[in-house]
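Coordinate inspection notes
Residue strings, one per chain:
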Amino acid sequence: MIEGFRIVDAHCHPIAENVDSLVNRYGSPVNSKDFFSEMRSFGLDFCCGSVIKSIPSPQDFSEFAACNEAGFQLEKEYPEFYQTGIRINPLFKKESVAEIEKYHKAGVTWIGELVPYMSGYRSYSSPEMLEILAVARDLGMTVNIHTIEDDDIDKLMANLPDLKVIAAHPGDCSQLIAHIEMLKRHKNLYWDISGTGLFRWGMLRYMVEQCGAEK
């Protein structure tokens, strides 16, 4: 806790019981209680969930639905500290729309982090994905996406300019400059500063100076 500020981690990969979670392959923490205890020890006031499990070759939507339910159970268990993010998939358009509507009614406002290579698809701007994300836009939900191809993100924002999108990982050097220009082009695109680039001296200050702290 820093007086006057609420410190939020908008990109964590939580451990969920009975799910082969991403983050516990190295030994510790090994369960959700230890995971959230460790997150609190860093001085965080709140965190938002992301991918729990990689599903690179899905046969149907069932594994995504199971991960969504696991994340939602964590939110109910830690309501003062954790907000879940649900996953959708353009390979399963009908199921994804139903999932968005279901969890929106339950109070969930966050979709993602969406990571195509962990979910068996390639594009955020395919007709199927745009149809799904139009539902999220109409419900006022926020979408967190993993940065892969800048042109694809541009197409997404051009097609759905009123969708609130937070792109993860600013990148390094030339990537960062391109991403700053992308932020300037799209009023509802924001940046999730997790991951690559943060080790560059002055990077975060430069992004704020170029795009504004609100971005």
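Coordinates for the structure precede this section.
Residues numbered from 1 in each chain as written. Predicted model: local features only at pLDDT ≥ 70, side-chain atom pairs only at ≥ 80, totals over all residues. Heavy atoms only, no water.

A closer look at the overall build of the protein chain
Secondary structure assignment for the protein chain yields 7 helices and 8 strands. Against the 2.2 N^0.38 benchmark of 17 Å for 215 residues, the protein chain shows a C-alpha radius of gyration of 17 Å, consistent with a compact globule. Its C-alpha atoms give the protein chain principal-axis dimensions of roughly 45 × 45 × 30 Å. Expressed as a percentage of its 215 residues, the buried residues of the protein chain come to 51%. For the protein chain, restricting intrachain contacts to residue pairs at least 6 apart in sequence, the fraction spanning at least 24 positions comes to 71%. Of the roughly 10,900 Å² of accessible surface on the protein chain, 53% is carried by carbon and sulfur atoms. (Helix = DSSP H or I, 4+ residues; strand = E, 2+ residues; numbered from the N terminus. Rg over C-alpha atoms; globule rule 2.2 N^0.38 Å. Buried < 20%, exposed > 50% of the residue type's maximum accessible area, 1.4 Å probe, protein only. Contact = heavy atoms within 4.5 Å. Areas by Shrake-Rupley, 256 points an atom, 1.4 Å probe, with all protein chains shown as cover.)

Looking at the layout of surface pockets
Of the volumes computed, that of the largest pocket is approximately 510 Å³. Around the largest pocket sit 24 residues that line it, and Trp191, Asp192, Ile193, Ala213 and Lys215 are the ones nearest its centre. Listed by contribution, the elements that provide at least two residues to the lining of the largest pocket are strand 1 (8-12), strand 7 (164-168), strand 8 (189-192) and helix 7 (203-211). Its residues assigned to classes, the lining of the largest pocket shows 14 nonpolar, 5 polar and 5 charged. (1 Å grid on protein atoms, 1.4 Å probe; cavity = no way out; pocket = protein on both sides within 12 Å on 5 of 7 lines; lining within 4 Å. Points joined across faces, edges and corners; volume = space filled by probe spheres on them. Nonpolar A, V, L, I, M, F, W, Y, C, P; charged D, E, K, R; others polar.)

Concerning the packing of helix 3 (residues 93-105) against helix 4 (residues 127-138)
One way to put it is that helix 3 packs onto helix 4 with a least axis distance of 9 Å and a crossing angle of 15 degrees. If you check the angle between helix 3 and helix 4, you find them roughly parallel. Crossing geometry of helix 3 relative to helix 4 is assigned as right-handed. For the pair helix 3 and helix 4, the contacting residues are Lys93, Ser96, Val97, Ile100 and Glu101 in the first and Glu128, Glu131, Ile132, Val135 and Ala136 in the second. Each residue belonging to the contact of helix 3 with helix 4 can be placed in one class, and the counts come to 5 nonpolar, 1 polar and 4 charged. (Axes fitted to C-alpha atoms, helices over the stretch in contact; angles between N-to-C directions. Parallel < 35°, antiparallel > 145°, perpendicular 65-115°, else oblique. Left-handed = near helix turned anticlockwise from the far one by under 90°.)

Focus on the pattern of salt bridges
Enumeration over the complete set of coordinates arrives at 8 salt bridges. In this structure, Asp172 and Arg200 form a salt bridge, with 2.8 Å as the shortest nitrogen-oxygen distance. One end of the pair, Asp172, is in the loop between strand 7 and helix 6 (174-185); the other, Arg200, is in the loop between strand 8 and helix 7, and 28 residues separate them in sequence. Given a relative accessible area of 22%, Asp172 falls into the partly exposed group. (Salt bridge = Lys/Arg side-chain N within 4 Å of Asp/Glu carboxyl O.)

A closer look at the sheet that holds strand 3 (residues 82-83)
In any sheet, the strands associate via hydrogen bonds between backbone groups, in a parallel or an antiparallel arrangement. Taken in spatial order, the 3 strands of this open sheet run 1-2-3, and their pairing is parallel. Across the chains shown, the open sheet's two edge strands, defined by having one partner strand only, are strand 1 and strand 3. In this sheet, strand 3 lies alongside strand 2 (residues 46-49) in parallel orientation, the contact comprising 2 bridges. Looking at the pairing, Cys48 lines up with Gln83 of strand 3. With respect to the sheet, helix 1 (residues 32-41) is in contact with strand 1, strand 2 and strand 3, its orientation differing from that of strand 1 by roughly 140 degrees. (Pairing = 2+ DSSP bridges.)

A closer look at the environment of Thr147
With respect to the helices and strands, Thr147 occurs in the loop between strand 6 (142-146) and helix 5 (150-159). Classification of Thr147 as buried rests on a relative accessible area of 15%. Separated by 18 residues in sequence, Thr147 and Met129 have C-alpha atoms that sit 16 Å apart. Looking at Thr147, its side chain comes within polar contact range of the main-chain oxygen of Ala168, at 2.5 Å. (Polar contact = N/O pair within 3.5 Å; in protein donor to acceptor, adjacent residues only side chain to side chain.)

Observations regarding the sheet that holds strand 8
Taken together, the 5 strands give an open sheet; going across it, the order is 4-5-6-7-8, and neighbouring strands pair in parallel fashion. Strands at the two margins of the open sheet, each flanked by one partner only, are strand 4 (85-86) and strand 8. Pairing analysis gives 4 bridges linking strand 5 (residues 110-114) to strand 6, with the strands arranged parallel. Bridged to Leu114 within strand 6 is Ile145.

Some points on the nonpolar core
If you look at the biggest cluster of nonpolar residues, it comprises 37 residues, and the most contacted ones within it are Ile100, Ile111, Leu114, Ile145, Leu156 and Leu189. The element contributing the most residues to this core is helix 4, with 7 residues. Ignoring sequence-local partners within four residues, the contact set of Ile145 consists of Glu113, Leu114, Tyr124, Ile153, Leu156, Val165, Ile166, Ala167 and Ala168. In terms of nonpolar packing, the next biggest core, distinct from the first, is built from 20 residues, Cys12, Phe36, Ile52 and Tyr78 among them. (Core = buried A, V, L, I, M, F, W, Y, C linked by side-chain atoms within 4.5 Å.)

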